[in-house]
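So the chains spell out like this:
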Amino acid sequence: MPSVRPFTDEFSPAEAWRPYEPSTRRPWNLARAAHLYRRAACGGTWTELQRAVAEGPAATVDRLFAGGDEPAAFYAEARSTIAALLGLGGSNDLPAWWLYVMLRSPHPLLERMTLFWHGHFATSAAKVTDRGLMLAQNELFRTHALGNFRTLLKAEARDPAMLLWLDSAVNRKAKPNENFAREVMELFSLGVGSYTERDIRETARAFTGWEVQHQRFWVNAAQHDGGLKTVLGERGPFDGDGVIDVLLRQPAAARFLVRKLYRFFVADEFPESSTPAGIEALLEPLAVELREADYDDGGVVGMILRPNWFFTEKAI
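Report follows, based on the coordinates. (Residues numbered from 1 in each chain as written. Predicted model: local features only at pLDDT ≥ 70, side-chain atom pairs only at ≥ 80, totals over all residues. Heavy atoms only, no water.)

**Describing the packing of helix α5 (residues 71-87) against helix α6 (residues 93-104)**
(1) Moving on: At a minimum axis separation of 10 Å, α5 and α6 run at an interaxial angle of 165°. On the basis of the axis angle, α5 is roughly antiparallel to α6. The two elements α5 and α6 cross, and the hand of that crossing is right-handed. Packed against α5, whose contacting residues are F74, Y75, A78, R79, I82 and L85, the element α6 presents D93, L94, W97, Y100, V101 and R104 at the interface.
(2) Moving on: In the contact of α5 with α6, the residues fall into nine nonpolar, no polar and three charged. (Axes fitted to C-alpha atoms, helices over the stretch in contact; angles between N-to-C directions. Helix = DSSP H or I, 4+ residues; strand = E, 2+ residues; numbered from the N terminus. Parallel < 35°, antiparallel > 145°, perpendicular 65-115°, else oblique. Left-handed = near helix turned anticlockwise from the far one by under 90°. Contact = heavy atoms within 4.5 Å. Nonpolar A, V, L, I, M, F, W, Y, C, P; charged D, E, K, R; others polar.)

**Things to note about the side chain of D159**
(1) Moving on: Residue placement: D159 occurs in the loop between α9 (149-156) and α10 (160-165).
(2) Moving on: The buried charged residue D159 lacks any salt bridge partner; its closest oppositely charged side chain belongs to R216, at an N-O distance of 11 Å.
(3) Moving on: Not counting residues up to four positions away in its chain, the partners in contact with D159 are Q137 and L140. (Buried < 20%, exposed > 50% of the residue type's maximum accessible area, 1.4 Å probe, protein only. Lys, Arg positive; Asp, Glu negative; His and termini not counted. Salt bridge = Lys/Arg side-chain N within 4 Å of Asp/Glu carboxyl O.)

**With respect to the packing of aromatic side chains**
(1) Moving on: Throughout the structure, instances matching the rule amount to 18 aromatic pairs.
(2) Moving on: Where F149 meets Y295, the ring centres are 6.2 Å apart and the plane angle is 40°; that geometry is what we call tilted. One end of the pair, F149, is in helix α9; the other, Y295, is in the loop between α15 (276-292) and α16 (297-305), with 146 residues separating them in the sequence.
(3) Moving on: Judged by its relative accessible area of 2%, Y295 is buried.
(4) Moving on: Here K127 stacks its cationic end above the ring of W165, 5.9 Å away from the centre of that ring. (Phe/Tyr/Trp six-rings, centres within 6.5 Å; stacked < 30°, edge-to-face > 60°. Lys NZ or Arg CZ within 6 Å of the ring centre and 35° of its normal.)

Next up, the structure:
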């Protein structure tokens, strides 16, 4: 790792991600508690902020990860409500319902991460006209929100809403459709510049035959190309799962994801004075943590919300 102090002389990259410990110079107070609740929730009530100040930063982050009282009962009632509304044909009810869930959930960090994945795997009801499929995708994000990215990415590759959105439902052996293959690299796992057009073509072959029938995922074996593919230097008879494993073995994958998590939770832009080397040095400990944990997102989110860097004046 280069010896770089990014943005400030206050911390080295390693020191930036060590747990924040309140001090006279950087006290734990109402302002920092409110900052945590703005980023890890949808803001905090006065009662929540007062409790946070009294309990301290570590206990507050632990509580945000654990969720509040009876989250299972809240979500069961919420699902019952939206099912009834969609059953009555309420085409515009889903966004309003989710906004209510975000604001009232006893597990606001879970909703923040559901929102993160909604932005990461961008789809739209304008093309996916089935609200039930959009609700199922929303619930998929919530199920894996603080779980494992590898598991989520493979589940999303089977998600009917995603298959329809990126035309994977018409990806045939004789004429592979490259839309999902391109996006799974550019937007979902690696970022621009980490693959070639040939990688896209070969990846598209791996996903052939992954279709939607009767609003459900299924594999049409007659339309799947089971031949050898070469993706990012690896060769094998990859299917969709196999090629996703290839993507996540690339060092660029963890770096891409932690950069997005950083921009979502800490700061959406890096200061103009920061250098590419400084940014990479700052983010590398997060990337290492993600790779070593085999893409356990919850651990990295905890590493982002607990450290010195998150509670600096610059981050606030």
